[in-house]
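A structural walkthrough
Spelled out, the chains give:
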Amino acid sequence: MSPVDLLFGTTNPGKLRELRRLVAGLAVRVVSPDDLGRPLPEVVEDGATFQANAEKKAIAWARWSGLHALADDSGLCVDALGGAPGVRSARWSDLEPDGPASPVCELAGVAELELGPVAGRAARDERNNDKLLAALSGLPDPRRAARYEAVLALARPDGTLVGTVTGTCSGRIGRARRGDGGFGYDPLFIPTAELQAGEGTRGRTMAELTPEEKDALSHRGEAFRRLRPLLATLAARGA
Ligand SMILES: O=c1[nH]c(=O)c2ncn([C@@H]3O[C@H](COP(=O)(O)OP(=O)(O)OP(=O)(O)O)[C@@H](O)[C@H]3O)c2[nH]1
Ligand SMILES: [Mg+2]
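Residues numbered from 1 in each chain as written. Chains lettered and ligands numbered in written order. Predicted model: local features only at pLDDT ≥ 70, side-chain atom pairs only at ≥ 80, totals over all residues. Heavy atoms only, no water.

Some points on the packing of helix H1 (residues 13–22) against helix H8 (residues 219–236)
When two helices pack together, their arrangement is given by the angle between their axes and by how far apart the axes lie. Selection rule: Axis lines are fitted to C-alpha atoms, over the contacting stretch for helices. Their N-to-C directions set the angle, which ranges from 0 to 180 degrees. A run of DSSP states H or I qualifies as a helix once it reaches four residues; a run of E qualifies as a strand once it reaches two. Both are numbered from the N-terminal end. Angles are sorted into four bins: roughly parallel if under 35 degrees, roughly antiparallel if over 145, roughly perpendicular if 65 to 115, and oblique for all others. Note on convention: the crossing is left-handed when the near helix lies turned anticlockwise from the far helix by less than a right angle, right-handed when the turn is clockwise. By definition, residues are in contact when any of their heavy atoms lie within 4.5 Å. Classification used: nonpolar for Ala, Val, Leu, Ile, Met, Phe, Trp, Tyr, Cys and Pro, charged for Asp, Glu, Lys and Arg, polar for all others including Gly.
Where H1 contacts H8, the axes come no closer than 11 Å and their chain directions differ by 45°. Looking at the two axes, H1 sits oblique to H8. When the axes of H1 and H8 are compared, the crossing they make is right-handed. Contacts between H1 and H8 pair Lys15, Glu18, Leu19 and Leu22 from the former with Arg220, Gly221, Phe224 and Arg228 from the latter. For the contact of H1 with H8, the residue count by class is 3 nonpolar, 1 polar and 4 charged.

In C-alpha cells, the structure reads:
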C-alpha cells in the first residue's frame, strides 16, 4: 500500500523538521508547500485562538493543494505577561517596532527584506528573544513560568475538518540563551521536566535537548501523539 500524501501547511522550517520526525512509522508521506512548487496562498492568522488559526490554515492549505492538509498553530504563553505573546508569538517583536534591535539586523523587518525568508525568520526569532528577556528582566525564577501550546488541525481536500488536537509543555524562561537546537524561543525555554531532573541540575533549555528528547516532551510531540490514530486510520484507508 503506497503511503498517503499529507501536506504540512507551514512556512516554518523548524516545524516541518519536527513533523517529518514525528510521522516515522506511519504510511504517510509529508509534502511541504515548497514541494508543490506553486505560489503559497496568503493565510491571514487573524484568529483569537491557536485552534482558530490552525483550523483556518488546515482548511486553506487543503483546498489549495487538493490533498489532506495538516496545520500547526502554536506559541509561547508567559504567565507574568498575562499569557502573551500567545497567538502573536511569531511576530511578537514586530508588533512594537521599538523592540531591542536584533544582533543580526539593526532595523525590524529589514532582515526579512534583505536577507531572505530563512535569515529573516532567524533575525525575527532573535528580536523575539531579546524582547522576552527585556520583558522578564529582574523577575525571580518563580515569576518566569511559561508554557508552549500547539494545536494541530487535519483537513480533507474538500476543506472539511477531520479533527483538531492540542498539546502543551510547561516550563520556565531562562536568563540567557543556551543551545542551538530547535527554533524560536527554544534557547530560553527550560521545560519543567528538565527542572525536575534532579538536585543541582541547571535544567537544559529546549535548544540543548536532542531532537528526540524535544519530541518526547514538547507541545508539538504531545499534540502529534494525539493525532497519530487519526493519521493511521487515514493511511489504512489510503486517504
Ligand atoms: O522555540 C520555539 N519552539 C517551538 O517548538 C515553538 N512552537 C511555536 N513556537 C513559536 O510560536 C511561533 C508559532 O507561530 P505560528 O504557529 O504562526 O507559526 P509560524 O508563523 O512560524 O509558521 P506557520 O506554521 O504559521 O506557517 C513560532 O514562530 C515560534 O516563535 C515555538 N518556538
Ligand atoms: Mg504563522
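Some points on the packing of aromatic side chains
Selection criterion: Stacked, tilted and edge-to-face are the three classes assigned to paired rings of Phe, Tyr and Trp, where Trp is represented by its six-membered ring and a pair needs centres within 6.5 Å; plane angles under 30 degrees give stacked, over 60 edge-to-face, the rest tilted. Buried means the residue's accessible area, taken with a 1.4 Å probe over protein chains only, is under 20% of the maximum for its type, while exposed means over 50%, and partly exposed covers the values in between.
Evaluated as defined, the whole model comprises 2 aromatic pairs. Relative to Trp64, the ring of Trp61 lies with its centre 5.5 Å away and its plane at 85°, an arrangement referred to as edge-to-face. Of this pair, Trp61 and Trp64 are both found in helix H3 (residues 50–65), 3 residues apart, which corresponds to roughly one turn of the helix. Each member of the pair, Trp61 as well as Trp64, carries the same accessibility label: buried.

As for the side chain of Glu55
Rule in force here: Residues scored as charged are limited to Lys and Arg (positive) and Asp and Glu (negative), so that His and the chain ends carry no count. Counted as salt bridges are all cases of a side-chain nitrogen of Lys or Arg within 4 Å of a carboxyl oxygen of Asp or Glu.
Inspection of the secondary structure puts Glu55 in helix H3. Buried charge Glu55 goes without a salt bridge, the closest partner of opposite sign being Arg156 at 11 Å.

With respect to H3
Selection criterion: Between the first and last residue of a helix there are one fewer steps than residues, each counted as 1.5 Å, and that sum is the expected span.
Taking 1.5 Å as the rise per residue, H3 with 16 residues should run 22 Å; its terminal C-alpha atoms sit 22 Å apart, in good agreement. Considered for burial, the residues of H3 that qualify are Phe50, Asn53, Ala54, Glu55, Lys57, Ala58, Trp61, Ala62, Trp64 and Ser65. Residues of H3 that are buried make contact with strand E1 (4–8), H1, helix H2 (33–36), strand E3 (68–78), strand E4 (145–155) and strand E5 (161–173).

Describing the nonpolar core
As a reminder of what qualifies: Residues enter a nonpolar core if they are buried and are Ala, Val, Leu, Ile, Met, Phe, Trp, Tyr or Cys, with the set joined through side-chain atoms within 4.5 Å.
In terms of nonpolar packing, the biggest core is built from 20 residues, with Val28, Leu70, Phe224, Leu227 and Leu231 touching the most fellow members. Secondary structure elements with two or more residues in this core: E1, H1, strand E2 (28–31), E4 and H8. Of all the elements, H8 adds the most residues to this core, at 6 residues. With residues near it in sequence (within four places) discarded, Val28 still touches Pro3, Val4, Leu6, Val23 and Ala235.

Section: the UniProt feature "binding site: Mg(2+)" (unreviewed entry) in the chain
Applied cut-off: UniProt positions are given in the numbering used here, feature names are shortened, and annotations may be inferred rather than shown by experiment. Any N or O atom pair separated by 3.5 Å or less is treated as a polar contact, with the protein-specific requirement of one donor-capable and one acceptor-capable atom, and with residues adjacent in sequence counted only for side-chain atom pairs.
UniProt records the feature "binding site: Mg(2+)" (unreviewed entry) at Asp73, using the numbering of this structure. Mapping Asp73 onto the fold places it in strand E3. You can call Asp73 buried: its relative accessible area is 3%. Once you skip the residues sitting within four places of it in the chain, Asp73 turns out to touch Lys15, Glu45, Thr49, Phe50, Asn53, Ala54, Lys57, Val87, Glu149, Ala150 and Val151. Among the polar contacts listed, one links the side chain of Asp73 to the side chain of Lys57, at a separation of 2.8 Å.

Here we look at the sheet that holds E2
To be explicit about the condition: Should DSSP find at least two bridges between two strands, the strands are taken to pair.
Read across the open sheet, the 6 strands follow the order E2-E1-E3-E4-E5-E6; overall the sheet is mixed. Every other strand in the sheet has two partners, leaving E2 and strand E6 (189–191) as the edge strands with one partner each. With strand direction ignored, the average angle separating the axes of adjacent strands in the sheet is 35°. Two strands pair when backbone bridges link them, and E4 and E5 are joined in this way by 11 bridges, in the antiparallel orientation.

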